[in-house]
Amino acid sequence: LATLGENSFAVSGLSSFTAPQSVLTAINLTAGPNKTVGGKSGVEVSMQRFAIHGTGNLTKEDVLDAIGNGSGYANIIISGYITIESDAFSGSKLSGSITISSSITTIGMSSFAQCSSLTSVIFESGSQLTTIGPGAFMFSGLSGSITLPSSLTSIGGSAFSYSSLTSVSFQSESQLSIGDEAFSS
């Protein structure tokens, strides 16, 4: 999509519009609620496959700088970091999936807690993840199935509590420690 004609959605029932960052830039749109797209107002605009890339520890401040409160951002890819710190995305309005790169070894306490529109977590092949902290995905919108990487050695208490997961697959043959109420609802 290189151009968007005037009033191209003006009398449509359009309520959401999702596109890669390059497309949003080309048609002069930013992600967020209540945007006007092709003459149609009140549209939720989402950015598709947005990457947060860096080194070291991913902090709450880094997340706020990159995506604000997450509104309008879908299918986030986190790469280059080693640790996702405690509360980094907690309460964020991001939606869809999170892809955790193979470089990440630790997901801190409550990192994605209360991300009610987060529906899935994807761990890249070759994951080095060893620790998912307590409450990391508590009260998130996770649903369906999740496959945990073979490198994982510790899942903290209440890590996935109050999510809607229906299937959990463990690839680990190592000693995996799972904390109290890790998957309770």
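Because the structure is a prediction, the values reported are computed rather than measured. (Residues numbered from 1 in each chain as written. Predicted model: local features only at pLDDT ≥ 70, side-chain atom pairs only at ≥ 80, totals over all residues. Heavy atoms only, no water.)

Section: the sheet that holds strand β15 (residues 177-178)
Pairing is parallel in the open sheet, where 6 strands are placed in the order β5-β7-β9-β11-β13-β15. Two strands lie at the open edges of the sheet, namely β5 (57-58) and β15, each paired on one side alone. (Pairing = 2+ DSSP bridges. Helix = DSSP H or I, 4+ residues; strand = E, 2+ residues; numbered from the N terminus.)

Comments concerning the packing of aromatic side chains
Scanning the model with the defined rule gives 8 aromatic pairs in all. Between the aromatic rings of Phe 9 and Phe 17, the centroid separation amounts to 6.3 Å while the plane-to-plane angle is 70°, which identifies the pairing as edge-to-face. Phe 9 gets classed as partly exposed once you look at its relative accessible area, which sits at 26%. Through pairs of rings, three or more aromatic residues link up here, namely Phe 89, Phe 112, Phe 137, Phe 160, Phe 170 and Phe 183. (Phe/Tyr/Trp six-rings, centres within 6.5 Å; stacked < 30°, edge-to-face > 60°. Buried < 20%, exposed > 50% of the residue type's maximum accessible area, 1.4 Å probe, protein only.)

Section: the nonpolar core
One finds Ile 78, Phe 89, Ile 107, Phe 112 and Ile 132 to be the most contacted residues of the largest nonpolar core, which totals 46 residues. Mapped by element, the contributors of at least two residues to this core are β1 (16-20), α1 (21-26), β3 (40-48), α2 (60-67), β6 (73-79), β8 (95-100), β10 (118-123) and β12 (143-148). Apart from residues no more than four positions distant in its own chain, Phe 112 is found in contact with Ile 78, Ile 84, Phe 89, Ile 98, Ile 100, Ile 107, Leu 118, Ala 136, Phe 137 and Ser 140. (Core = buried A, V, L, I, M, F, W, Y, C linked by side-chain atoms within 4.5 Å. Contact = heavy atoms within 4.5 Å.)

Points about unusual backbone geometry
With phi around 60°, Asn 7 is a residue other than glycine that occupies positive phi space. Mapping Asn 7 onto the fold places it in the segment before β1. For Asn 7, a relative accessible area of 46% gives the class partly exposed. At Asp 87, a position not held by glycine, the phi torsion is positive, near 65°. Tracing the sequence through the fold places Asp 87 in the loop between β7 (83-84) and β8.

A word on the environment of Gly 72
One can find Gly 72 in the loop between α2 and β6. Spatially, the C-alpha atoms of Gly 72 and Gln 48 are 9.0 Å apart, while their sequence positions differ by 24 residues. Here Gly 72 is in contact with Ala 31, Gly 32, Glu 44, Val 45, Ser 46 and Met 47, once residues within four sequence places are set aside.

Comments concerning the side chain of Ser 92
Relative to the helices and strands, Ser 92 resides in the loop between β7 and β8. Here Ser 92 falls in the buried class, since its relative accessible area comes to 8%. At 3.2 Å, the side chain of Ser 92 and the backbone nitrogen of Leu 94 are in polar contact. Those residues within four positions of Ser 92 in sequence are excluded, and the remaining contacts are Ile 67, Asn 69, Gly 70, Gln 114 and Cys 115. (Polar contact = N/O pair within 3.5 Å; in protein donor to acceptor, adjacent residues only side chain to side chain.)

Thoughts on the environment of Ser 158
Structurally, the position occupied by Ser 158 is in the loop between β13 (154-155) and β14 (164-170). Taking relative accessible area as the criterion, Ser 158 reaches 17% and is therefore assigned buried. Setting aside chain neighbours within four positions, we find Ser 158 in contact with Gly 135, Met 138, Asp 180, Glu 181 and Ala 182.

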